[in-house]
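# Observations on the three-dimensional arrangement
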Amino acid sequence: MAEVLEQLNQGDKQVSVEIHKYTKDQSQHRDLFESIITYITEGEKKRLGILPKDLKEGNFVQEWSEVYKNFKDKIEEVDVSAGVASVLAVKDEEELKTVRVAGKLSSLIMQHFIGVVTSLVDEEKQVTHEKLSEDIDNILTSDQNTFLKKGVQDVDLSRADFCYTPIIQSGGIYDFKSSAESDNRTLHAGTILCSFGVRYKSYCSNIGRTILFDPTKEQERNYEILLELQRRIVEHIKSGVKLRDVYVKAINFVKNKKPELVSHFVKSLGHGMGIEFRESAYSINAKSTKEFKAGMVFNLSVGFQNLENSKATDEESKIYSLWIIDTIRVSNNEPAPLLTEGNRKLNNMAFSFQDGPESGSEAKKENKRPAQKVETKRTAMRKSTVLKSKFRSEDKDEDSEQKRKEHQAELAKQKQAEGLARFGYGVDHQTSQREATFRKFESYKRDTALPKEVKELKIVVDQRNETIILPVFGLAVPFHISTLKNVNKTDEGEYTYLRINFLTPGQASGKKEDMPFDDPNANFVRAVTYRSIDENLSEIYRKIVELKKTAAKKEAERKEMSDLVEQDKLIELRGRRPTHRLSEVFVRPGLDGKRIPGELEIHENGLRYQSHRTNQKLDILFSNIQHLFFQPCDNELIVLLHIHLKNPVIHGKKKTKDIQFYREASDVQFDETGNRKRKYRYGDEDELGAEQEERRRRALLNKEFKSFAEKIAESSEGRVDVDIPFREIAFQGVPFRTNVLLQPTTECLVHLTDPPFLVITIADVEIAHLERVQFGLKNFDLVFIFKDYSRAPVHINTIPMNQLENVKDWLDHVDLVFYEGPQNLNWTQIMRTIQKDPADFYQDGGWSFLNMHGEGDDSDASTETASEYVLSESAYSESSSDESSDQNEVSESAGSSEEESDESGESWDELEEKARKADERKEVGGGTSKRKETPDDTRGKNKKIRR
């Protein structure tokens, strides 16, 4: 140890440290300790730093205590725990690497534990909490840890152990303290809490999960709130942020979401970790004034304790608790990455054993099958887009419609409560709507900067400074181009008139004013008109128009790029080429608009795509990835990885939030020709062999892309999850201009096959509205309104009416409130009204107006429809007599025409002229009866003409 500390006295950054060596010679120990104590007592402050909470044992401590007790009264003892903790709190790269390994081990063991618990509950085996805790505690040393060796390579498991005895809790009794112990009660298949932490090379990690069996809707919603809360906390934790600010924001989030949960919320969100499992100086609570620093490691623990379950079926399920515990690392300018991976979403933590419609013991036994593999996304009962069947008639009972209406009513009530909490009167709410601000333009800082041409008192167009200089009463007055509304040129006789109109407040305009004014009550010049015989005004007019176009283009580009966020730099893997690469893939949008294959690589904090033919590179950081989709090539021509970004990036000189990497699944240019290339590739021209080769190649492509997507999720340290579209519940629609297949995923509704791409995050949606839902129509429309009211609603048109119930079921299944109506609404005007006063909107009932609007329109439409077809008796008799007289006239005219045609044998032109004259005579003198032509009449005329 002395040799290690001696390095402090070496190098450029030396630290003055006096080192005393403790040797094996016991005769020198007392003299050594006395010299140290003498040095302390002879100092000015006579202080000795101690760690009072640490347990001290061993020969060294005993020998020191024997000497120190004689001088203890002369020395002031000072607790240096906080100082030492602050020095050790920030970890270097080697320490962080060790913590990552510890977090990986914890994640793998938790994943294994969830599988064990689901199997035990499925098989109805009785086991105590204490026995489960012992089984977990023995995993590191047992022969059943092969999954750890496969999951984490090049790791010495002999240097790993548990920070504390694993805690298993269920059956209504829950304790959130890390000192809690697993009791000897039997595991209850309701709400199960598990937490433990693996220590590797003395560095700690921690993980905790909640497993739900047959959860109620209330439990699912509370768990979703907890998940959203953890995500918000992770996004807010950055270097320089105070610990107490994070806790306060968490409390405010819970108050806005569900105020009744505040009393059940944890008093602390966790603590710092490292060699010590709990660094109490860095507790995340309402009183801590410490700040997060980059490189720190924290145990983040969020939860609700002792909640009541009003729909409990047994005594042990009346009280339940929820928690999510993870190990995180603090970063500089990006959200804190999670060092403990694994499942934490509801779709992976909730399981149902009551999903069968059959009754009886056999049916119950058959349907009582949970997901055996919790890591797959299609197995467990979850709050996702996966339905049990595509058609309602397959597994829905008679009261399913009523249940859906009740669920929607409950969701609507909850949405109204959230709106009042968010925008109610007296609430300090902030919307993301960007208000236009007054922009000041300074064309010239001083008079000497004006162009020389102004001395001649002429109109000067300064392209460089985007300014027009006008002579006004003998003075050169500059006007920035942004103050101009338009310019007009007219010629009257020998004079040419140039009228320049300026932007002023209160102008009648159909568009919203983009330019606010510093003082709208000031005096403004609305227009200036110049007259001249010289043709120079035409040239000035042309220059002003060009300058106006250039300035408008620049302003449009500025607004387009205003939401761009500066990205961190990609940290490349040093000293070696990335091991995880996906070669020969194309990117959309393409680099420079060209279709060139390239290679996608996984680096330390993101992805890099580059083509060997060009020098261009595309970097995507894990912190900027919102969704990662893998779409297999089943029933498609391509296999793809699609990345939807949180913030847009510049790619190919354009701004985009969607980047896609794909590879063609079939060689279409060879499949239909039967030439040499096909024979070379497939061995023969037999269609069966070609189909088998096609299936094999598609399976390999799917495996390769899916494996690479999972590597991305693993390398992102839990910030990115792989999502797969579910084609079995997809539906057709027109989100842009073409009819495409829209596929739900776990978190989104997407169309990824062809650009333009569509990615709608369900969590960002406020409500959905089904339009043109009425009898007799073949299609209906779907509108998504977002929680960000400044964001334009998304319309999906022309959805087949036979998919209406499937769409409703999907919307209800993802807890999305939806309304329906018989006609399209003007959402631009509706959203503008809501944004003006959202508090008043929710006070008046919020979105319930859609429900009333739909019912009212439906009744009105039915009334109008009925009135169109109800006739009085007199009207009916008049119509009948008129119709019969018209039919007689038509038949007589047709008969006479046939006779004349047979006798004279006239040509077609003559027959048509006679028919026209007969029609004119009938209209002039044929009585007062006037009637629209019926389809039968038209057919009669056409038949007559054809003859």
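Residues numbered from 1 in each chain as written. Predicted model: local features only at pLDDT ≥ 70, side-chain atom pairs only at ≥ 80, totals over all residues. Heavy atoms only, no water.

## Some words on the overall build of the protein chain
- Scanning the protein chain for helices and strands turns up 24 helices and 35 strands.
- Of the contacts made within the protein chain by residues no fewer than 6 positions apart, 63% connect residues no fewer than 24 positions apart. (Helix = DSSP H or I, 4+ residues; strand = E, 2+ residues; numbered from the N terminus. Contact = heavy atoms within 4.5 Å.)

## So, the packing of aromatic side chains
- Tallied over the full model, the rule gives 22 aromatic pairs.
- Following the ring pairs from residue to residue traces out a cluster consisting of F423, Y789, F841, Y842, W847 and F849.
- Of note, R531 hangs over the ring of Y495, and the distance from its end group to the ring centre comes to 4.2 Å.
- In this arrangement the basic side chain of R791 is found over the ring face of F786, its NZ or CZ atom lying 3.6 Å from the centre. (Phe/Tyr/Trp six-rings, centres within 6.5 Å; stacked < 30°, edge-to-face > 60°. Lys NZ or Arg CZ within 6 Å of the ring centre and 35° of its normal.)

## Comments concerning a positive patch on the surface
- On the surface, a cluster of positive charge is made up of K97, R159, K201 and R576.
- With respect to the helices and strands, R159 occurs in the loop between α7 (146–151) and β3 (160–162). (Patch = residues over 30% accessible without salt bridge, like charges linked within 9 Å, V, L, I, M, F, W, Y side chains within 5 Å. Areas by Shrake-Rupley, 256 points an atom, 1.4 Å probe, with all protein chains shown as cover. Salt bridge = Lys/Arg side-chain N within 4 Å of Asp/Glu carboxyl O. Lys, Arg positive; Asp, Glu negative; His and termini not counted. Charge placed at Lys NZ, Arg CZ, Asp CG, Glu CD.)

## Remarks on the packing of helix α8 (residues 217–236) against helix α9 (residues 243–257)
- The contact between α8 and α9 brings their axes to 10 Å, and the two run at 150°. Looking at the two axes, α8 sits roughly antiparallel to α9. α8 and α9 meet at a crossing whose hand is right-handed. Contact with α8, carried on its side by I225, E228, L229, R232, I233 and H236, involves V246, K249, A250, F253, V254 and K257 of α9 and no other residues of that element. (Axes fitted to C-alpha atoms, helices over the stretch in contact; angles between N-to-C directions. Parallel < 35°, antiparallel > 145°, perpendicular 65-115°, else oblique. Left-handed = near helix turned anticlockwise from the far one by under 90°.)

## Re the pairing of strand β26 (residues 654–664)
- Bridge count between strand β20 (residues 581–588) and β26: three bridges; the pairing is antiparallel. Counted as the bridge partner of V587 is F661 from β26.
- Two elements, strand β25 (residues 638–651) and β26, share ten bridges in a ladder whose sense is antiparallel. In the strand pairing of β26, V639 is matched with R663. (Pairing = 2+ DSSP bridges.)

## Observations regarding the confidence of the model for the protein chain
- Residues at a pLDDT of 70 or more form 79% of the protein chain, whose mean pLDDT is 79.
- Residue range residues 856–904 is modelled with pLDDT below 50. Its contacts to residues more than four positions away, or to other chains, number 16 contacts. (pLDDT = per-residue confidence, 0-100.)

## Some thoughts on a negative patch on the surface
- Together, E130, E134, D137 and E181 make up a region of like negative charge exposed at the surface.
- Tracing the backbone shows E130 in helix α6 (residues 129–137).

## Describing the sheet that holds strand β19 (residues 527–532)
- The strand order across the open sheet built from three strands is β17-β18-β19, with neighbouring strands paired in antiparallel fashion. Looking along the sheet, the strands with just one partner apiece sit at the ends: β17 (484–492) and β19. Put simply, the sheet's adjacent strands are angled 15° from each other on average, direction ignored.
- Note: strand β18 (residues 495–502) against β19, six bridges, orientation antiparallel. Counted as the bridge partner of T496 is S532 from β19.

## With respect to the pattern of salt bridges
- Here the structure, examined in full by the defined rule, presents 40 salt bridges.
- Salt-bridge contacts for E572 lead to R608; the nearest nitrogen and oxygen are separated by 3.0 Å. In this pair, E572 sits in the loop between α14 (536–560) and β20 while R608 sits in strand β22 (residues 606–610), placing the two residues 36 residues apart along the sequence.
- For E572, a relative accessible area of 39% gives the class partly exposed.
- With relative accessibility at 8%, the residue R608 sits in the buried group.
- Connected through salt bridges with shared partners, the residues E218, R221, K258 and E410 form a single ionic network. (Buried < 20%, exposed > 50% of the residue type's maximum accessible area, 1.4 Å probe, protein only.)

## A short note on the state of the cysteines
- Counted according to the given criterion, the structure contains zero disulfides.
- C204 carries a free sulfur, and the closest cysteine sulfur to it, the one in C163, is 3.6 Å from it. (Disulfide = S-S within 2.5 Å.)

## Topic: the sheet that holds β20
- Read across the open sheet, the eight strands follow the order β23-β22-β21-β20-β26-β25-β24-β27; overall the sheet is mixed. The sheet terminates laterally at β23 (617–621) and β27 (722–723), the two strands that pair on one side only.
- In terms of strand pairing, β22 meets β23 through five bridges, oriented antiparallel. When the sheet's bridge partners are listed, Y609 is paired in β23 with L618.

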